Amino acid sequence: MSNKISTLSNYFQEYEKSISNPEQFWSDIADQFYWRKRWKNTLNWNFEKPTINWFEGGRLNITENIFEKQLYTHGDKLALIWEPNNPEEKAKKLTYKQLFKKVCQFANVLRQNGIGKGDVVAVYLPMIPELAITMLACARIGAIHSIVFAGFSSRSLQDRINDANASLLITADGGYRGNKIIPLKEIADEALLNCPSIKKVIYVERTKEKIHIQKHRDFSYSDLTRNVFEENYPEEMDSEDPLFILYTSGSTGKPKGIIHSTGGYMVYTAYTFQNVFQYNSDDVYFCTADIGWITGHSYIIYGPLLSGATTMMYEGVPNYPDPSRFWNIIEKHKVTHFYTAPTAIRALMGYGNDYIQKEKLKTLKVLGTVGEPINEAAWHWYHNHIGQGRCPVVDTWWQTETGGIAISPIAGITPTKPSYATLPLPGIQPIVVDNNGKELKEKNVQGFLCIKFPWPGMSRGIWGDQERFYTTYFKRFPELYFTGDGVKKDEEGYFRIMGRVDDVINVSGHRLGTAEIENAINENPMISESAVVGYPHKIKGEGICAFVVCPGDLITNKETISKSIIMGVNNIIGAIAKPDKIFIIPELPKTRSGKIMRRILRQIAKGEYSNFGDISTLTNSGIIDKIIDVVRK
Ligand code: WT7
């Protein structure tokens, strides 16, 4: 990429260009891609509607930019290295040419099964190469993939399939996760009991466990691909056609299907990948995320592959068979770039340094973190012990909605500061605002993080609910995109993300709506009401604390209720949403208008039992002491 940032002053120059003339800046970058038809209008936007159109009138296929455009120069280069859960099993490696054939072949299978442009394909797969192939095959034919993290429950899968009206589901018999096998087909079968839009299911045989096969509905991936042509003509897409939907939690109970576009997302993920990580052509890049989250979409698949990089996919978990697993993988595949979540760093740090051998880490050049604030101790441990003091750490702030990294150091170029995401990437215009939406222009301020100008990677909407898109992101602070995060800007203009300011909690780097968890708890007949809040957790960043109220006459023991709540949440949402703490309290603290005063519960969950501030609107002020009594017991 000719716009690759090379020095700090060059960063400031590029940033300046991107602000003074965003259209020129982004069209220069977009011109480095292959378009079947060049766009007419670089940007057309209005946050009041909201309308966000980039590269209007441009026609392209993103997979042509991953494959055809690059095959001539590096078709024999490794595109994907897949490392299995079990270290005894052989890794799989695919060059760009080989991956291309598999993508084309599966794209043909999809077309043969009636899938075409604009159809939604639900994907519920473990971290196996077929997941990468599936998403690219969808993109090839213009189908919209909606990937559901394979840790979600059948109900979550069902809700997402129904919301998106998906016509095909691609899953697997099962998936390996450490020493566990997740029976994905069984979970999917349960979900499909109530998914009228799904006409067909394709399952990959990964674990070879016995599964139920429904005739005329379920087909095996290997059967369908056998002898199918490995050439495929790509669908020509409009720049603004949706590339995928990815569900994420919001402050109401219902997850939202975040929509990303084709052209803008392509330009943005490739540009940010190359710049933030400073990837060079012989590097091996390893992002430990699951493709079921946005990190995997943008920085395992699209960003790296559009950049001709060698990207790794790891099927397992950080501590299986033991906590040296990541370091062994780094040694085995000569990894140069390692990108993971603070929660994994804290967990591995907790096992002590005996699992780390310097020798294994010598190929590393750049480290990255994502998903949640990284505390200073974890940052230093990562920098000193994994990076051996030699690798820059990029703390990358972004969101499912931003499509790609938005605030982050440029590796080796931006001076870092532990726990700071530092400076905005070119094209990003972040501002700090106060409660009234007034911009706090000075340095050393704290407030809400907003972005005042569109960038190509930003979300274009919420599937089936543009009204919610507007109200969630553009209404509270007119003419601004509101991130939902609190932020501090220091004397140098560096940004430090303070965490969510809405009813969303961030557990191990995964976003969960408290309302979503409450809804799941409230389905339990032993519970009449509940309130869920986050609290600081040593490993997970935030833990989940549930305050529950039982109907008056219910007499049963505490353990029984807690167990049943945990099981319920596990079944309704998934294991990631299980509460860490459950307190059965006589009633919830509420205002006269019936609103739960969550700040009181948040404070109690944190272990602070005094100075509750203004509680004059509380109807039942005596309740605070009663709750504290329960918690302290
Ligand atoms: C929320 C977005 C972006 C991919 C993974 C999470 C928090 C994200 C950082 C960071 C502090 C961060 C924010 C954000 N977050 N990165 N480097 N430092 N906080 O995506 O599920 O859409 O969650 O994660 O609160 O709003 P997501």
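Up top you'll find the structure we're talking about.
Residues numbered from 1 in each chain as written. Predicted model: local features only at pLDDT ≥ 70, side-chain atom pairs only at ≥ 80, totals over all residues. Heavy atoms only, no water.

Peer 1: Before we go on, may I ask you to explain the packing of helix α10 (residues 263-277) against helix α11 (residues 294-306) in this structure?
Peer 2: A pair of packed helices is characterised by two quantities: the angle between their axes and the separation of those axes. Packing of α10 against α11 brings their axes to within 8 Å, and their N-to-C directions diverge by 90°. Overall, the two elements α10 and α11 adopt an arrangement that is roughly perpendicular. Here Tyr265, Met266, Thr269, Ala270, Thr272, Phe273 and Phe277 of α10 lie close against α11, whose contacting residues are His297, Ser298, Tyr299, Tyr302, Gly303, Pro304 and Leu306. Counted by class, the contact of α10 with α11 contains nine nonpolar, five polar and no charged residues. (Axes fitted to C-alpha atoms, helices over the stretch in contact; angles between N-to-C directions. Helix = DSSP H or I, 4+ residues; strand = E, 2+ residues; numbered from the N terminus. Parallel < 35°, antiparallel > 145°, perpendicular 65-115°, else oblique. Contact = heavy atoms within 4.5 Å. Nonpolar A, V, L, I, M, F, W, Y, C, P; charged D, E, K, R; others polar.)

Peer 1: Sorry, what's going on with the pairing of strand β17 (residues 310-314) here?
Peer 2: If a strand is regular, its side chains alternate between the two faces of the sheet. Judged by how many residues are buried, β17 sits mostly within the fold: five of five residues are covered. Burial along β17 is two-sided: Thr310, Met312 and Tyr314 and Thr311 and Met313, pointing in opposite directions, are all buried. Alignment of strand β4 (residues 78-83) against β17, held across four bridges, turns out to be parallel. Across the sheet, residue glutamate 83 finds its bridge partner in β17, namely tyrosine 314. As paired strands, strand β16 (residues 284-287) and β17 are joined by three bridges and run parallel to one another. Looking at the pairing, valine 284 lines up with threonine 310 of β17. (Buried < 20%, exposed > 50% of the residue type's maximum accessible area, 1.4 Å probe, protein only. Pairing = 2+ DSSP bridges.)

Peer 1: For this particular structure, what's the right way to read the sheet that holds strand β12 (residues 218-220)?
Peer 2: The strands that make up a sheet pair up through hydrogen bonds in the backbone, lying either parallel or antiparallel. Here eight strands make up an open sheet; going across it, the order is β12-β11-β8-β6-β7-β14-β15-β23 and the pairing mixed. Each end of this open sheet is capped by a strand with a single partner; those strands are β12 and β23 (461-462). Two elements, strand β11 (residues 200-204) and β12, share three bridges in a ladder whose sense is parallel. Of the residues in β12, the one forming a bridge with tyrosine 203 is serine 220.

Peer 1: How should I be thinking about the side chain of threonine 422 in this particular structure?
Peer 2: Relative to the helices and strands, threonine 422 resides in the loop between β20 (393-396) and β21 (430-433). Relative accessible area serves as the criterion here: at 0%, threonine 422 is assigned to the buried category. Residue contacts for threonine 422: discarding those within four places in its chain leaves Ile407, Ser408, Pro409, Thr414, Pro415, Thr416, Lys417, Gly493, Tyr494 and Phe495.

Peer 1: I tried to follow the sheet that holds β17 on my own but got confused; where do I start?
Peer 2: Taken in spatial order, the seven strands line up as β5-β4-β17-β16-β18-β19-β20 in an open sheet, and their pairing is mixed. Every other strand in the sheet has two partners, leaving β5 (92-95) and β20 as the edge strands with one partner each. Sheet twist, expressed as the average angle between the axes of neighbouring strands with direction ignored, equals 20°.

Peer 1: Please explain the packing of aromatic side chains as it appears in this structure.
Peer 2: One pair of aromatic rings is described through two measures. These are the centre distance and the angle between the planes. Taken as a whole and assessed by the stated rule, the structure comprises 49 aromatic pairs. With 5.5 Å between their ring centres and 70° between their planes, phenylalanine 326 and phenylalanine 338 make a pair best called edge-to-face. In this pair, phenylalanine 326 sits in helix α12 (residues 325-333) while phenylalanine 338 sits in strand β18 (residues 337-340), placing the two residues 12 residues apart along the sequence. Both residues of the pair, phenylalanine 326 and phenylalanine 338, count as buried. Feature note: the residues Trp45, Phe47, Phe453, Trp455, Phe469, Tyr473, Phe474 and Tyr481 constitute an aromatic cluster, connected by ring pairs. A cation sits over an aromatic face here: lysine 69 above phenylalanine 33, 5.5 Å from the ring centre. Of note, lysine 581 hangs over the ring of tyrosine 535, and the distance from its end group to the ring centre comes to 4.3 Å. (Phe/Tyr/Trp six-rings, centres within 6.5 Å; stacked < 30°, edge-to-face > 60°. Lys NZ or Arg CZ within 6 Å of the ring centre and 35° of its normal.)

Peer 1: Can you help me understand the site of the ligand in this one?
Peer 2: What surrounds the ligand is a group of 17 residues, the closest being Asp395, Thr396, Thr400, Asp485 and Arg511. One of the side-chain N or O atoms of aspartate 395 is found 2.7 Å from a nitrogen atom in the ligand. Aspartate 485 places a polar side-chain atom, nitrogen or oxygen, 2.7 Å from an oxygen atom of the ligand. Look at the ligand: alone it shows 550 Å² of surface, and the protein chains cover 96% of it. (Near = heavy atom within 4 Å. Polar contact = N/O pair within 3.5 Å; in protein donor to acceptor, adjacent residues only side chain to side chain. Areas by Shrake-Rupley, 256 points an atom, 1.4 Å probe, with all protein chains shown as cover.)

Peer 1: Explain the environment of histidine 333 here, please?
Peer 2: Within the secondary structure, histidine 333 sits in helix α12. As a C-alpha pair, histidine 333 and methionine 312 span 21 residues in sequence and 8.9 Å in three-dimensional space. Look past the residues within four positions of histidine 333 in its chain and what remains in contact with it is Ile81, Glu83, Ala91, Lys93, Val284 and Met312. Only 2.8 Å separates the side chain of histidine 333 from the side chain of glutamate 83, close enough to count as a polar contact.

Peer 1: Can you help me understand the nonpolar core in this one?
Peer 2: One broad trend across soluble globular proteins is that nonpolar side chains are buried collectively. Among the nonpolar cores identified, the biggest contains 164 residues, and Leu169, Phe277, Tyr302 and Ile517 are the most heavily contacted of them. In this structure isoleucine 517 touches Ile505, Leu512, Val532, Ile544, Val569, Ile573 and Ala577, once residues within four positions along its chain are discounted. In this structure, Met312, Tyr314, Trp327 and Ile345 belong to the second largest nonpolar core, which totals 25 residues. (Core = buried A, V, L, I, M, F, W, Y, C linked by side-chain atoms within 4.5 Å.)

Peer 1: I keep staring at the pattern of salt bridges and nothing clicks. Help me out?
Peer 2: Side chains carrying opposite charge are able to pair once their charged atoms draw close together. Counting across every chain of the model gives 36 salt bridges. With a closest N to O distance of 2.8 Å, arginine 59 and glutamate 236 form a salt bridge. Here the residue arginine 59 occupies a position in strand β3 (residues 59-60), and glutamate 236 occupies one in the loop between α9 (221-225) and β13 (237-238), the gap between them amounting to 177 residues. Taking relative accessible area as the criterion, arginine 59 reaches 22% and is therefore assigned partly exposed. In this structure, aspartate 503 engages arginine 598 in a salt bridge whose closest nitrogen and oxygen atoms are separated by 4.0 Å. Taken together, the positions of aspartate 503 in the loop between β25 (495-500) and β26 (504-507) and arginine 598 in helix α18 (residues 598-606) put the pair 95 residues apart, joining distant regions of the chain. With a relative accessible area of 15%, arginine 598 lands in the buried category. (Salt bridge = Lys/Arg side-chain N within 4 Å of Asp/Glu carboxyl O.)

Peer 1: Please explain the environment of lysine 101 as it appears in this structure.
Peer 2: One can find lysine 101 in helix α5 (residues 96-112). Note on lysine 101: relative accessible area 42%, which makes it partly exposed. Residues lysine 101 and glutamate 523, 422 residues apart in the sequence, show an inter-C-alpha distance of 47 Å.

Peer 1: Would you mind showing me how to read the packing of helix α6 (residues 129-141) against α11 here?
Peer 2: Two elements in contact, α6 and α11, have axes whose closest approach is 12 Å; the angle formed by their N-to-C orientations is 60°. By the angle class used here, α6 and α11 are oblique. Seen along the crossing, α6 lies across α11 with a hand that is right-handed. Between α6 and α11, the contacting residues are Ala132, Met135, Leu136 and Ala139 on the first element and His297, Ile301, Tyr302 and Leu305 on the second. Of the residues assigned to the contact of α6 with α11, the class counts are seven nonpolar, one polar and no charged. (Left-handed = near helix turned anticlockwise from the far one by under 90°.)

Peer 1: Sorry, what's going on with the side chain of threonine 343 here?
Peer 2: Within the secondary structure, threonine 343 sits in helix α13 (residues 342-350). If we skip the residues at most four places from it in the chain, threonine 343 touches Glu372, Ser508, Ile539 and Lys540.

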